[in-house]
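Coordinate inspection notes
Letter by letter, the chains look like this.
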Amino acid sequence: MSYPTLKCGVSDMPVVGLGTWQSKPGEVGAAVEKALASGYKHIDCAHVYQNEAEVGASFSKMFGDGGIKREDIFITSKLWNTFHRADEVEAACNTTLTNLQLDYLDLYLIHWPVALEPGKGTLFPVDENKVAIMDSKVPTFAETWAAMEKLVEAGKCKNIGLSNFNIAQIEEVLKTAKIKPANLQVESHPHLPNLELLEFCKSNDMSFVAYSPLANPGSMFRKEDQVDLLHDVDVLKIAEKHGKSAGQVLIRYQIDKGNCVIPKSVTPARIEQNLDVFGFSLDASDMDTLNNMYKKVGPKGYRTCGVLHWKHSPNYPFASEL
């Protein structure tokens, strides 16, 4: 099965991928195998998800006896916040490559602009008051990005990019970048359409990947009175019009905006359904409705992954939303 791709640096990124965030150990490997067997060509991973070893075992299986070629699959991972110092970056990438049982990544992202203190034996260092400890050396974006560029030169990553950075932070990276960011991955859905950020990425030749395209229906951070997008009356009307599920409409919404999208699921039927989004498209009226749906939840929409426990960081990316 072939399906559309977007240009991502020197590569072509399939527009639908399997997300692995919040996929539990004992489930994520089977989900990856199901996705690859169902025709997915794009798998999104990250060190902090703490499931890359299980994903790697599934890659090894599917790229071996599974008959799938590694070079046909676009694989992303991410540099965690405790590894932003220049001398930490390559080792972090090597750990991911080892866990995923890969020789290279198609895309490696700086997961967040927030740098946390390394060497504490945890990915989430906190002080005695349970407050996140920021990196005492305050590595600059330029320092971390230069180390990322060396990974491309070493053949460990084909492309490098950013995740959860705002426009000003991306511009800061661009000032010193020898290799421009190929991609930005951020939360995006009708409650948080990120239209300005999307236009910025397009103007800078950066592909755009939407995570949490269904707005995390099970999130503990959801507002008490917030309507689940999967049950929103407007989404359901569009779904009925096209003979599709609400989830398929929300995935197609990203594709029709020109984005890649990485819905997460460990349910076999849902994994298949999430890829079955190429036999229809949304019309201008549908897109207008979905683009303006954020107004239901506030003037700036609503972010389900606001990481407020890092808001004291000088590089907290969502300060304008506080």
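As the structure is a computational prediction, the values presented were derived from the model and not from experiment.

Per the stated rule, a full pass over the model turns up nine aromatic pairs. Between Phe 141 and Phe 165, the aromatic rings sit 5.2 Å apart at their centres with planes inclined by 50°, giving tilted as the arrangement. Taken together, the residues span a long stretch of sequence, with Phe 141 in helix 4 (residues 141-153) and Phe 165 in the loop between strand 7 (160-163) and helix 5 (167-176) at a distance of 24 residues. Phe 165 carries the same exposure label as Phe 141, and that label is buried.

Where a strand is regular, its side chains alternate between the two sheet faces. Burial analysis of strand 5 (residues 74-79) places six of its six residues in the buried class, the great majority of the element. Bridge count for strand 4 (residues 42-44) against strand 5 is three bridges, and the pairing is parallel. Within the sheet, the bridge partner assigned to His 42 lies in strand 5 and is Phe 74. After leaving strand 4, the chain enters helix 2 (residues 52-62) and then returns to the sheet as strand 5, a path that is right-handed. When strand 5 meets strand 6 (residues 107-110), the two strands line up parallel, connected through four bridges. The partner of Thr 76 across the bridge, within strand 6, is Leu 107.

What the eight strands build is an open sheet, ordered 3-4-5-6-7-8-9-10; its pairing is parallel. The open sheet is flanked by strand 3 (18-19) and strand 10 (260-261), the only strands paired with a single partner.

The rules behind the values
- Residues numbered from 1 in each chain as written.
- Predicted model: local features only at pLDDT ≥ 70, side-chain atom pairs only at ≥ 80, totals over all residues.
- Heavy atoms only, no water.
- Phe/Tyr/Trp six-rings, centres within 6.5 Å; stacked < 30°, edge-to-face > 60°.
- Helix = DSSP H or I, 4+ residues; strand = E, 2+ residues; numbered from the N terminus.
- Buried < 20%, exposed > 50% of the residue type's maximum accessible area, 1.4 Å probe, protein only.
- Pairing = 2+ DSSP bridges.
- Right-handed = clockwise from strand over helix to strand, strands pointing away.

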